[in-house]
Amino acid sequence: ELITSYVFNQVENIRFNSTVGKFVGYTELGLKNAEAWNKGSVLAQELGELERYCKPHAAIAYSNVL
């Protein structure tokens, strides 16, 4: 699971959660940005990070825990 939070002045504005599969806004500005990011290439980039980094490293991290 990939979670990316965007925080300004200790307030979380936007969060990407790979389980949800999109950006979610928590403030007025965050809602506007999340809507735009979900329609544009930013969502594709974030999903690419999930495929590029998280999935290949999940087995390594899991084996280290065991």
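Residues numbered from 1 in each chain as written. Predicted model: local features only at pLDDT ≥ 70, side-chain atom pairs only at ≥ 80, totals over all residues. Heavy atoms only, no water.

- Looking at an unreviewed UniProt entry, the chain carries the name MHC class II antigen beta, with the source organism given as Salvelinus namaycush.

**Concerning the UniProt feature "domain: MHC class II beta chain N-terminal" (unreviewed entry) in the chain**
So, step 1. Feature annotation in UniProt assigns "domain: MHC class II beta chain N-terminal" (unreviewed entry) to the following positions: residues 1-62.
So, step 2. The span residues 1-62 shows a helical share of 55% and a strand share of 27%, and its end C-alpha atoms are spaced 13 Å apart. (UniProt positions renumbered as here; feature names shortened; annotations may be inferred. Helix = DSSP H or I, 4+ residues; strand = E, 2+ residues; numbered from the N terminus.)

**Comments concerning unusual backbone geometry**
Glycine aside, negative phi is the norm for most residues, and most peptide bonds take the trans geometry.
So, step 1. Not every positive phi belongs to a glycine, and Asn-9 is a case in point at roughly 55°.
So, step 2. Its place among the elements puts Asn-9 in the loop between strand 1 (3-8) and strand 2 (11-17).
So, step 3. Phi at Gln-10 takes a positive value of approximately 60°, unusual for a residue other than glycine.
So, step 4. Note on placement: Gln-10 falls in the loop between strand 1 and strand 2.

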